Amino acid sequence: MRTYLRRGRKRAVGVLLVAGVLAAAACSGGGGSGGGGEAGGKITLTIDTFGTFGYEELYKQYEASHPNIDIRPRNIVRLEDYLPRLEQYLATGSGAGDVVALEEGIINRLLAQPDAFVNLLDHGAGELEGNFLSWKWQAGMTPDGKLIGLGTDIGAMGMVYRKDLFEKAGLPTDREKVGQLWTTWDDFIETGKKFEAANVDAKFVDSATNVYNTILWQEAGKASNYTYFDTNNNLVIDTNPAVKTAWDTSVEMAQAGLSAELRTFDDPWISGFRRDSFATVAAPAWMLGQIQEFAGEEKAGLWDVTTVPGGGGVWGGSWLAVPAQSEHPAEAAELAKFLTNPQGQIAAFKARTNYPSSPQAIEDPAVQNFKNEYFSNAPVGEIFGESAKGLRPVYLAPDNQPVRERVEEALRAVEAGDLSSDAGWQRAVRDAQSEAG
Amino acid sequence: MGVDLRPTRQRPRPAATTRPAGATERARWRSRIDRLDVKASPYLYIAPFYLVFAVFGLFPLGYTLWVSLHDWELIGKGPFIGLANYAQLLGDPYFWNSILNTIGIFVVATVPQLVLALMLANALNRWLRLPTFFRMGVLLPMVTSVAAVAIVFGQLYARDFGMINWLLGLVGAENVDWRGSKWASWIAISTMVDWRWTGYNTLIYLAAMQAIPRDLYEAAAIDGASRRRQLWQITVPMIRPTIIFTVIISTIGGLQLFTEPVLFERSGHMAGGTLRQFQTVTMFMFENAFRDHDYGYGAAIAWMIFCLILIASLVNFLIIRRLGGTK
């Protein structure tokens, strides 16, 4: 009720302002055309994504088969910048795209505001249930049975590595043999020490946080199925062994001097792919598309993909949703359905290695036999398929993202040698508590 | 002294007796409008500023106070909690850390900046070839956008491939992690601030210096005072009000420092480094209000900043009075 009143007042202010601006425009003799979604009888659908979704070809296809639709993609590289913007769009009731991508850390926050989204079951999405892994379908659903998100990809995990740097360090370069170097994370650290001892002008891994997150997902998937918060949304960071294991292992790795100490998605990290700053990156499937863009053509064929230490697991993955504020909810829902259908997921996988969440797509030979040309023709369908098989979904609480950012900051401080592991851990727990409090 | 440009209040009135009655009526009506014009028009002329100020200055100020007394999150207004946000703020170590950073960066940036500006102005006040060229030259950094400055400096101060570290490497120094420690980050941010604002202060000083009568210097020169002595004993005392003005402006700017450290941080987390090494108090506000969507807490921080600036201005004012710098 209160929200309604406030929104009403805001709208009134907005109307007044717009009226004023229009009056001013009229006085100056200019007749502005009213903006909005329809230009020349065409409907413009804005789609908000972060990172890479591999949809460029699909947009073209869709526009070709739907001549009345114009797709306007908006993309933000980093998830941390995307979430606050999206939350503001939703809170103010304007500005969001007609279709928005929701990452797993975001969707759990937004399930608490189901009214902000169109119930896709009203647009005939119900019959698509079989197109998605059951947990992926469920995770897009609110507790009262509204469907707000259709699954796109799942973040099956692999390890990308630079063959040429491995060769310089006297390590094997064949992806089978590299995978055998590290069945566990301890093996991985041992391999890293060998790499550093060879005095190649590069660090073994890009950052402690990437390793940390990978281990956290693996450990959580093996045991409790949750990370910082349990399924009742109680903060359990200091009692969940998965978090501590991930912390200790990644700190051990960092303190062995194996990390380039870069902040993921920061400029030095991005340019690090071209500058040979590091030799390995623990990468979920969706990161491969980004790595390809960051590293550029001149590094084509130098990167390869192999299995990640510690077995299967999943990090990340997204959904597409239609905000209730969209002016064309029916058309937007159609587009979301098109992008997330098995064929769409296969196309996205081929374009940017976003691993599908649809069993039909996963089983499809086009995915299973797909080799990524950029990554030395690595059989990414097989490698990520293996990682996705052992997967159990991990629960993420609404406050997961801010807590995760705080813990990562503390880990970076330890990585840089500014804090001891214990002091860093205490800081992480304290910050998490104040964030959750 | 000044020329009175106001319309004269009493116009020479035509003698009523020699005019017809209708004209008298018109004249009275006109004089009434004139009087209204004289009384009300000035207020009308200044009204736009105050209207805009009321909408964009006064109202947000009051509304922020109102928000700060509530538990106010993204989804909307929560319960009224009185001063609880302020109480929590005073016990928040990260708040005090951000105050320390703000004051630290302010001191590291402002003291060398004003001294340098004074020296530059003193040099420019002498006879130079191409005086306009040099005088406009110091102002050039002002016209570069702050974002461009911050991005360029951010790269100069990069840890692995930055130019500053490369230069330090030439003399055998270790790479400095400019975002890793308080002092390194404070110095890096201060250089950005100084790059932009030194020229501005230089010009203000220069303008003040040019108003000093030349014969004072001539007399001092005849008495055998050195250039340096002339600077400290004539120039500086004569431009004291101007110096105080620049100090006040720099204080207010320094307490609101935001863009430079944010762009220096690059990640947009608003935390100012892994351990909040350079999180200023405005960044702390932004982090709480617009990243964590804790608007009530953010509003409380905004009011604390307001109070801080009030206190700083008051201290400045008292110092001015003591120095008698208002003359």
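What counts and what doesn't
- Residues numbered from 1 in each chain as written.
- Chains lettered and ligands numbered in written order.
- Predicted model: local features only at pLDDT ≥ 70, side-chain atom pairs only at ≥ 80, totals over all residues.
- Heavy atoms only, no water.
- Helix = DSSP H or I, 4+ residues; strand = E, 2+ residues; numbered from the N terminus.
- Buried < 20%, exposed > 50% of the residue type's maximum accessible area, 1.4 Å probe, protein only.
- Contact = heavy atoms within 4.5 Å.
- Expected span 1.5 Å × (residues − 1).
- Polar contact = N/O pair within 3.5 Å; in protein donor to acceptor, adjacent residues only side chain to side chain.
- Domains from an automatic or database assignment.
- Buried area = accessible area lost by both parts, 1.4 Å probe.
- Salt bridge = Lys/Arg side-chain N within 4 Å of Asp/Glu carboxyl O.
- Nonpolar A, V, L, I, M, F, W, Y, C, P; charged D, E, K, R; others polar.

On to unusual backbone geometry, then. Residue and element names in this part refer to chain A. Notably, Ser-376 is not glycine yet its phi reads approximately 55°, a positive angle. By the element assignment, Ser-376 lies in the loop between helix 16 (365-368) and helix 17 (380-389). In this structure Ser-376 comes out as buried when scored by relative accessible area, which is 15%.

Okay, the environment of Val-146 of chain B next. All names here are of chain B. Residue position: Val-146 is located in helix 6 (residues 146-156). Accessibility expressed as a relative area gives 23% for Val-146, which makes it partly exposed. Residues Val-146 and Leu-263 lie 117 residues apart in sequence; the distance between their C-alpha atoms is 9.3 Å. Residues contacting Val-146, with those up to four places away along its chain left out, are Arg-196, Thr-259, Glu-260 and Leu-263.

Okay, helix 3 (residues 93-125) of chain B next. Spanning 33 residues, helix 3 of chain B covers 47 Å between terminal C-alpha atoms, matching the ideal 48 Å at 1.5 Å per step. A distance of 2.9 Å separates the backbone nitrogen of Tyr-94 of chain B from a side-chain oxygen at the start of helix 3 of chain B, and that oxygen is part of Asp-92 of chain B.

A word on the domain arrangement of chain A. Residues and elements named next belong to chain A. Looking at chain A, the domain boundaries give domain 1 (37-154 + 317-365) and domain 2 (155-314 + 378-436). For domain 1 versus domain 2, the distance between C-alpha centres works out to 27 Å. Listed per partner, the contact involves 20 residues of domain 1 and 28 residues of domain 2. The largest share of the area that domain 1 buries against domain 2 comes from Arg-352, Thr-353 and Tyr-355, three residues that together contribute 23% of it. Here domain 1 and domain 2 share 2 salt bridges between them. For Arg-352, the salt bridge goes to Glu-293, with nearest N and O atoms at 3.3 Å. In this structure, the connection of domain 1 to domain 2 is made through 5 residue pairs in polar contact (both at pLDDT 80 or more). Looking at the side of domain 1 that touches domain 2, the elements that each hand over two or more residues are helix 3 (79-92), helix 4 (104-110), strand 5 (150-162) and helix 14 (342-352). Each residue belonging to the side of domain 1 that touches domain 2 can be placed in one class, and the counts come to 7 nonpolar, 7 polar and 6 charged.

A word on the interface of chain A and chain B. Interfaces are often sized by the accessible area lost when the parts come together. Between chain A and chain B, the contact holds 31 residues from the first and 25 residues from the second. Taking both sides of the interface into account, the surface hidden between chain A and chain B amounts to around 2400 Å²; carbon and sulfur atoms contribute 43%. Taken together, chain A and chain B are joined by 5 salt bridges. Residue Arg-159 of chain B pairs with Glu-261 of chain A through a salt bridge whose shortest N-O separation is 3.6 Å. Inspection of the region where chain A meets chain B yields 12 residue pairs in polar contact (both at pLDDT 80 or more). The set of elements that each furnish at least two residues to the side of chain A that touches chain B consists of helix 1 (2-27), helix 3, helix 11 (267-275), helix 18 (400-415) and helix 19 (421-436) of chain A. Here the side of chain A that touches chain B takes 6 residues from helix 3 of chain A, the largest share from any one element.

Before going further, it helps to spend a moment on the environment of Phe-317 of chain B. Residue and element names in this part refer to chain B. Residue position: Phe-317 is located in helix 14 (residues 295-323). Residue Phe-317 is classed as partly exposed on the basis of its relative accessible area of 43%. Along the chain, Phe-317 and Trp-303 lie 14 residues apart, while their C-alpha atoms are 21 Å from each other.

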